[in-house]
Amino acid sequence: MIKAPNIILVGPMGAGKTTIGRLISQSMGKEFYDLDKVIEDNAGADIPWIFEREGEDGFRKRETQALESMIQSDAGDCVIATGGGIVMRKENRDILREGALVIYLYASVSQQLYRTSKSSHRPLLQTGDPKATLTKLFEVRDPLYRDVATLVVETDARHPRSVANKVLSTIKRHLSMETSLS
Ligand SMILES: Nc1ncnc2c1ncn2[C@@H]1O[C@H](COP(=O)(O)OP(=O)(O)OP(=O)(O)O)[C@@H](O)[C@H]1O
Ligand SMILES: O=C(O)C1=C[C@@H](O)[C@@H](O)[C@H](O)C1
Ligand SMILES: [Mg+2]
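Numbering of residues starts from 1 in every chain and runs along the sequence as written. Here chains are named by letter from A upward and ligands by number from 1 upward, in the order in which they appear as written. Only residues with pLDDT of 70 or above have their local features reported here, since the model is predicted, and side-chain atom pairs are shown and tallied only from 80 upward, although totals for entire chains, interfaces and linings are computed over all residues. Water and hydrogen atoms were dropped before computing side-chain values, which therefore reflect all heavy atoms in the structure.

Chemist: Can you help me understand the UniProt feature "binding site: ATP" (unreviewed entry) in the chain in this one?
Modeler: Within this numbering scheme, the UniProt entry marks Gly14, Ala15, Gly16, Lys17, Thr18, Thr19, Arg122 and Arg158 as carrying the feature "binding site: ATP" (unreviewed entry). Maximum C-alpha separation among the annotated residues is 23.2 Å over a sequence range of 145 residues, too wide for a single clustered spot. By definition, any uninterrupted DSSP run of H or I lasting at least four residues is a helix, any uninterrupted run of E lasting at least two residues is a strand, and each is numbered from the N terminus. With respect to the helices and strands, the residue Thr18 is situated in helix α1 (residues 17-28). Each residue is placed in one exposure class: buried if its accessible area under a 1.4 Å probe, protein chains only, is under 20% of its type's maximum, exposed if it is over 50%, and partly exposed if it falls in between. Judged by relative accessible area, Thr18 falls into the partly exposed class, the value being 31%. Contacts are residue-level and defined by heavy atoms, with any inter-residue pair within 4.5 Å sufficient. If we skip the residues at most four places from it in the chain, Thr18 touches Phe32, Asp34 and Ala81. Residues contacting Arg158, with those up to four places away along its chain left out, are Val163 and Lys166. Only 2.7 Å separates the side chain of Arg158 from the backbone oxygen of Glu154, close enough to count as a polar contact. UniProt positions are given in the numbering used here, feature names are shortened, and annotations may be inferred rather than shown by experiment. Two N or O atoms count as a polar contact when they lie within 3.5 Å, although within protein this holds only if one can serve as hydrogen donor and the other as acceptor, and sequence-adjacent residues are included solely when both atoms are side-chain atoms.

Chemist: How do you make sense of the pairing of strand β4 (residues 101-106) when you look at a structure like this?
Modeler: Where a strand is regular, its side chains alternate between the two sheet faces. In terms of burial, β4 is a largely internal element, six of the six residues being buried. Of the two faces of β4, the one carrying Leu101, Ile103 and Leu105 and the one carrying Val102, Tyr104 and Tyr106 are both buried. Any two strands with at least two DSSP-identified bridges between them are counted as paired. As defined by bridge partners, strand β1 (residues 7-10) adjoins β4 across four bridges and the pair is classed as parallel. Looking across to β4, one finds that Val10 is bridged to Tyr104. Pairing analysis gives four bridges linking β4 to strand β5 (residues 151-154), with the strands arranged parallel. What sits directly across from Tyr106, in β5, is Glu154.

Chemist: For this particular structure, what's the right way to read the site of ligand 1?
Modeler: Taken together, 17 residues form the shell around ligand 1, and within it Lys17, Thr18, Thr19, Arg122 and Arg158 come nearest. Interatomic distance of 2.8 Å between a side-chain N/O atom of Thr18 and an oxygen atom of ligand 1. Within the side chain of Thr19, an N or O atom sits 2.5 Å from an oxygen atom of ligand 1. Accessible areas in this description were obtained via Shrake-Rupley with a 1.4 Å probe; residue shielding takes into account the shown protein chains only. Considering ligand 1 on its own, with 640 Å² of exposed area, one finds that the protein chains cover 77% of that surface. Going through the elements one at a time, α1 and α7 (160-181) are the ones with two or more residues in the shell around ligand 1. Ranked by residue count, the leading element in the shell around ligand 1 is α1, at three residues. When residues are sorted by character, Ala, Val, Leu, Ile, Met, Phe, Trp, Tyr, Cys and Pro go into the nonpolar class, Asp, Glu, Lys and Arg into the charged class, and all the rest, Gly among them, into the polar class. In terms of residue class, the shell around ligand 1 is made up of five nonpolar, seven polar and five charged. For this purpose, a residue is taken to be near a molecule or strand whenever a single non-hydrogen atom of the residue falls within 4 Å of it.

Chemist: I tried to follow the site of ligand 2 on my own but got confused; where do I start?
Modeler: Around ligand 2 sit Met13, Asp36, Ile47, Phe59, Arg60, Gly83, Gly84, Gly85, Pro123, Leu124 and Arg141, and that is every residue in its neighbourhood. Gly85 places a polar main-chain atom, nitrogen or oxygen, 3.4 Å from an oxygen atom of ligand 2. Notes on ligand 2: free accessible area 310 Å², of which the protein chains cover 96%. When residues of the shell around ligand 2 are assigned to their parent elements, the largest contribution, three residues, is made by helix α3 (residues 47-72). Of the residues that constitute the shell around ligand 2, the class distribution is five nonpolar, three polar and three charged.

Structure (structure tokens):
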């Protein structure tokens, strides 16, 4: 088992945060939490319903509350997959930078588009031109993901298991460098 602080995955829709988070949590022997699922469980409703009734702003409030409660609770020592928009609020970015190992799963816009095309569960992509939406979001968010991340892992040309292995080896290398410096 790898000893590490909380691992938090950030990145755009379709980067694989949920998929990879689950895989690495199993390999690391840690609990896995998906923030989108925590928000849905707390609301007793799914994300499309929350966006429809409360707008994006209502969803963002719930997202911040869920992040705060996850970090403050003694859930500790776990893997958390966030939603793609977690970096939009400064207060969230401040929380992310404090104490956790944050990993940015990078995916190009074309991969994001391909991987999100099979699901209609992402309200922000229910537009006539999801590619244009993903491109705009990427322009705004890519620097923010980089700002909060300790490590960046490229996911484009890798299957999920291979991305998970890459994430695990990157974490190991990072932690062993930290230990040798202390
Ligand atoms: N490296 C990969 N290669 C190919 N397909 C992938 C890869 N990673 C994830 N996928 C697929 O892409 C889809 C989206 O993945 P996932 O739901 O994990 O993304 P996400 O980052 O959690 O998105 P969101 O921000 O919307 O929650 C899933 O069908 C998943 O199987
Ligand atoms: O990129 C985003 O803003 C979102 C991503 C999803 O994970 C969900 O959190 C929601 O659909 C919003
Ligand atoms: Mg997800």
